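Commentary on secondary and tertiary structure
Spelled out from the first residue to the last, the chains are:
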Amino acid sequence: MQARNTVSSYGAVSKALHWAIAALILTMIPLGLVAVEWPYDTSDALATKALLFSIHKTIGVAIFFLALARIGWMLSQPRPAPLHPERRLETALAEGVHWLLYVSLVAVPLSGWVQHAAAAGFAPIWWPLGQTLPFVPQSAALAAGAGTVHAVFTKLLMAALALHVAGALKHHLVDRDGTLARMLPGRLAASSGTPVPARRHALAPALGALLVYGLVGGTAVTIAGPDAESDARPGVALPATVGATTPASWIVESGELTFTVRQMGSPVTGRFGRFDAEIVFEETPDADGRHGSVTVVIPIASMTLGSVTEQARGPEFFHAEAHPAARFSADILAAEEGDADVPYRAEGTLALAGAEVPVTLPFTLEIVDGVATASGTVTVDRRDFGMGESYPDEATVGFSVEIDVSLEARRGGVAAGEGA
Ligand code: HEM
Ligand code: HEM
C-alpha cells in the first residue's frame with residue numbers, strides 16, 4: 001500500500017492517521033464524561049479524578065498535534081473521489097460532516113487546553129509543555145467560559161461523529177459499496193461505482209461546516225458569558241477604608257494574593273480575588289523600630305483553586321462556612337540583620353480556618369512618586385491550620401503552601417477626597 005492518496009484510494013498515511021485519531025477520540029469522549037462526573041469527596045476519589053483528567057488532557061494534547069499533522073497532510077493530498085458523485089446532496093453532506101470533524105479536531109482540544117491553562121492546572125498535563133499557554137491569563141472566569149465551550153464543542157463532535165459513522169455503515173450495509181473498505185487498512189481501492197477524477201476540496205461543504213461551528217460556538221460563548229461574568233473575580237484588592245487615612249496610611253489600588261500548593265506532586269496556584277488591607281507605613285521607624293502596621297482581611301468566598309475550588313472551601317480545608325474570612329495582622333519592621341534583599345518584614349498572626357499562627361512575611365518595597373509597590377513570599381504549613389487532616393502525607397496535597405503577595409498602594413494623604 002502506498003503512502004500517498006490516489007484519486008480513488010486512501011494511502012497508508014491517511015488511513016493510519018484516520019484510525020489512530022478515531023481510536024483516541026472514541027477513548028476520550030467517555031473518559032471526559034466520566035472524569036467530569038467523578039466525585040471528589042474523599043482523598044482517594046480526588047486522586048482518581050485528577051488521574052482521569054491528567055490522562056484526558058495528555059491524550060487530548062497529543063490529538064491536537066496529530067490533528068494539525070493530519071490536516072496538513074489532507075491538504076497536500078489528492079482526495080479520493082466520491083463513489084456516487086451523482087448523489088450531490090449526500091456527497092455535500094458527507095463532506096460537510098468531514099469538515100465539522102476536522103474543525104472539531106482542533107477546536108475541541110484547544111478549548112480544553114485553554115480551560116486548563118486559565119485554571120492554573122489542577123491535574124497536570126504530562127507532556128513537558130502546556131501547563132500555561134501564551135495569551136491565556138489565569139482567570140476563573142475564562143476557565144469557566146472555556147470549560148463550557150469545550151463541553152458544547154464535544155457535543156457537536158459527538159453529533160458529527162454519529163452522522164459520520166451512520167453514513168459509513170449505510171454505505172457498507174445498505175449501498176454495499178466500497179466506501180468503508182477503502183478506508184480500512186491494507187485494502188485496495190474500492191471497485192464499485194465509477195470514480196470520477198479527483199477534485200479540489202469543494203467550498204460549499206466547508207463553508208457549511210464553518211457556519212455550523214460559528215453558530216454553535218457563538219451560542220456556547222453566549223451561554224458561557226453570564227456565567228463567566230458572575231464568576232469573575234478580578235485580582236484587584238478592595239481599597240482600604242478611605243475614612244481612616246492619615247498621611248502615613250496607604251490605599252491599596254491593585255494587588256494579587258495567590259498561594260501555591262503541590263497537588264499530586266505538581267504545583268497548583270490558587271488566588272484570592274478580593275482582600276481588604278489597612279496599611280500604615282512610615283519610612284522612618286518609631287522608637288521601637290516599627291515602621292507601621294498592616295491588617296488584611298480576606299473573604300474565603302473569593303478564593304479559587306482550579307477545579308477543586310469547592311473542595312478547598314469545604315470543611316476539610318478553608319472551612320469557609322465556619323470561618324468566612326482570614327485575617328493577617330502584623331507590625332511592619334525592618335528586615336533581620338543581613339537580609340539586604342528584602343528590606344522589610346511584616347511580623348504578626350495569620351488567623352485562618354479557626355487557627356491562629358505566627359507568620360512573618362518578608363517583603364520588598366519601592367516607593368516612586370507616592371506609589372508604593374511591595375511584594376513578598378512566605379511559606380506556611382497547612383497542618384498548622386488543621387487543613388487536610390485526612391491527607392496525612394504529601395501524595396495528594398503537599399504540606400507547604402507558598403503565599404505570594406504583591407500590591408500597589410498610594411499614600412493616603414493624597415488620596416481622592418482627602419484634600420490637603
Ligand atoms: C469509529 C468509526 C469511524 C468510521 C467507521 C469511519 C469511517 C470513515 C470512512 C469509511 C471514511 C471514508 C469516506 C470516503 O471515502 O468518502 C472516513 C473518512 C473520514 N473520517 Fe472517519 N470514521 C470513523 C471515525 C472517525 C473519527 C473519530 C473522525 C474524526 C474525529 C473521523 C474523521 C474522518 C474524516 C475527516 C474523513 C475524511 C477524510 C478525507 O477525505 O479528507 N472519522 N471515515
Ligand atoms: C479531542 C480531544 C478531546 C475530547 C474528545 C474531549 C472530550 C471531553 C468531554 C466529552 C468532556 C465532558 C464534557 C461535559 O459534558 O462536561 C470533556 C471535559 C473536559 N476536558 Fe476534554 N476533550 C478533549 C481534549 C481535552 C484537552 C486537550 C484538555 C486539556 C488540556 C481537556 C480538558 C477537559 C476539561 C478540563 C474538562 C472538564 C470541563 C469542565 O467541566 O469544565 N480536554 N472533554
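Because the structure is predicted, anything quoted here is derived from the model rather than measured. All residue numbers refer to positions counted from 1 along the written sequence of the respective chain. All chains are assigned letters beginning with A, and all ligands numbers beginning with 1, in the order in which they are written. Given that the model is predicted, a residue must reach a pLDDT of at least 70 before its local features are reported, and side-chain atom pairs must reach 80 or more before they are shown or counted; all residues, however, enter totals for whole chains, interfaces and linings. As a convention, hydrogens and water are excluded, and side-chain values are obtained from all of the structure's heavy atoms.

1. Regarding the site of ligand 1
Residues in contact with ligand 1 amount to 19 residues; listed here are only the nearest, Tyr10, His18, Tyr102, His164 and Arg182. Side-chain polar atom of Tyr10 to an oxygen atom of ligand 1: 2.8 Å apart, as the coordinates give it. A 3.5 Å cut-off defines polar contacts: any pair of N or O atoms within that distance qualifies, except that in protein one atom must be a possible hydrogen donor and the other a possible acceptor, and neighbouring residues in sequence count only when both atoms are side-chain atoms. A distance of 2.7 Å separates a nitrogen atom of ligand 1 from a polar side-chain atom of His164. Helix and strand definitions follow DSSP, with helices as H or I runs of at least four residues and strands as E runs of at least two, each counted in order from the N terminus. Those elements giving two or more residues to the shell around ligand 1 turn out to be helix H1 (12-37), helix H2 (43-76), helix H3 (88-118) and helix H4 (140-175). Partitioned by chemical class, the residues of the shell around ligand 1 number 13 nonpolar, four polar and two charged. Summary of the distance rule: residues count as near a molecule or strand when at least one heavy atom falls within 4 Å of that molecule or strand. Polar here means any residue outside two lists: the nonpolar Ala, Val, Leu, Ile, Met, Phe, Trp, Tyr, Cys and Pro, and the charged Asp, Glu, Lys and Arg; Gly therefore counts as polar.

2. Comments concerning the site of ligand 2
In the region of ligand 2, 25 residues are neighbours, and His56, Gly112, Gln115, His150 and Lys155 sit closest. In the environment of ligand 2, an oxygen atom lies 2.7 Å from a nitrogen or oxygen atom belonging to the side chain of Lys155. Taken together, the elements giving at least two residues each to the shell around ligand 2 come down to H1, H2, H3 and H4. Sorting elements by how many residues they give to the shell around ligand 2 places H4 first, with seven residues.

3. A look at the coordination of the iron atom of ligand 1
Listed as protein donors to the iron atom of ligand 1 are His18 (NE2) and His164 (NE2); their distances from the metal cover 2.0 Å. For every residue, the accessible area (1.4 Å probe, protein chains only) is compared with the maximum for its type, and the residue is labelled buried under 20%, exposed over 50%, or partly exposed between those bounds. Among the residues examined, His18 registers a relative accessible area of 12% and is labelled buried. Listed donor atoms are N, O and S within 2.8 Å of the metal (Na, K and Ca: 3.2 Å). As water is not included, a site may look incomplete.

4. So, the coordination of the iron atom of ligand 2
Coordination of the iron atom of ligand 2 by the protein is provided by His56 (NE2) and His150 (NE2), with metal-donor distances spanning 2.0 to 2.1 Å. Bound by six donor atoms, the iron atom of ligand 2 shows angles of 88 to 180 degrees at the metal and therefore octahedral coordination geometry. Placement of His56 in helix H2 and of His150 in helix H4 is noted, with a sequence separation of 94 residues between them. Each member of the pair, His56 as well as His150, carries the same accessibility label: buried. For a four-donor site, all angles between 85 and 135 degrees give tetrahedral; for four or six donors, opposite pairs above 155 degrees with the remaining angles between 65 and 115 give square planar or octahedral; all remaining cases count as irregular.

5. Some details on the packing of aromatic side chains
The geometry of an aromatic ring pair comes down to the distance between the two centres and the angle between the two planes. Here a Phe, Tyr or Trp ring, Trp counted by its six-membered ring, pairs with any other such ring whose centre lies within 6.5 Å, and the pair is stacked when the planes are under 30 degrees apart, edge-to-face when over 60, and tilted otherwise. Using the criterion set out here, one finds 11 aromatic pairs in the structure. Each ring, one from Phe272 and one from Phe318, has its centre 5.9 Å from the other, and the planes form 75 degrees; the classification is edge-to-face. Of this pair, Phe272 sits in strand E2 (residues 266-272) while Phe318 sits in the loop between helix H6 (309-313) and strand E6 (325-334), and the two are 46 residues apart along the sequence. In this pair, the class of Phe272 matches that of Phe318, namely buried.

6. Looking at H1
Compared with an ideal rise of 1.5 Å per residue, which puts 26 residues at 38 Å, H1 spans 38 Å between its outermost C-alpha atoms and is within 8% of the ideal. Along H1, the positions that sit buried rather than exposed are Ser14, Lys15, Leu17, His18, Ile21, Ala22, Ile25, Met28, Ile29, Leu31, Gly32 and Ala35. Expected helix span is given by 1.5 Å per residue-to-residue step, counting one fewer step than there are residues.

7. Thoughts on the nonpolar core
By size, the foremost hydrophobic cluster in this structure holds 50 residues, and its most contacted members are Phe259, Phe272, Ile279, Phe318, Leu352, Phe385 and Ile403. The dominant element in this core, judged by the number of residues it contributes, is strand E10 (residues 397-411), at six residues. Listed in part, the 32 residues of the second largest apolar core include Ala50, Ala67, Leu161 and Ala220. The criterion is simple. A nonpolar core is a set of buried Ala, Val, Leu, Ile, Met, Phe, Trp, Tyr and Cys residues joined through side-chain atoms within 4.5 Å.

8. Considering the pairing of strand E8 (residues 355-368)
In short, DSSP must find at least two bridges between two strands for them to pair. As paired strands, strand E7 (residues 344-352) and E8 are joined by nine bridges and run antiparallel to one another. In the strand pairing of E8, Gly348 is matched with Val359. In sequence, E7 turns back onto E8 through a hairpin of two residues, with Ala353 there showing a positive phi of about 55 degrees. Bridge count between E8 and strand E9 (residues 371-381): six bridges; the pairing is antiparallel. Each residue of the ladder has a partner; that of Ile367, found in E9, is Ala372. The antiparallel pairing of E8 with E9 creates a hairpin that spans two residues between the two strands, and Asp369 there sits at a positive phi of about 50 degrees.

9. Details of the packing of H1 against H4
Lines fitted to C-alpha atoms define the axes here, with helix axes fitted over just the stretch in contact, and angles between the N-to-C directions of these axes take values from 0 to 180 degrees. Interaxial distance between H1 and H4 falls to 12 Å at its minimum, and their mutual angle equals 130 degrees. As far as their axial angle goes, H4 and H1 are oblique. Like other packed secondary-structure pairs, H1 and H4 cross with a definite hand, here left-handed. Contact residues: H1 offers His18, Ile25, Leu26, Ile29 and Leu33, while H4 offers Leu157, Met158, Leu161 and His164. Here the residues of the contact of H1 with H4 are counted per class, giving seven nonpolar, two polar and no charged. Should an angle fall under 35 degrees it is called roughly parallel, over 145 degrees roughly antiparallel, and 65 to 115 degrees roughly perpendicular, with every other angle called oblique. For any pair of crossing helices, the crossing counts as left-handed if the nearer helix is rotated counterclockwise from the farther one by less than a right angle, and right-handed if it is rotated clockwise. Between two residues, a contact is recorded if the distance between any of their heavy atoms is within 4.5 Å.

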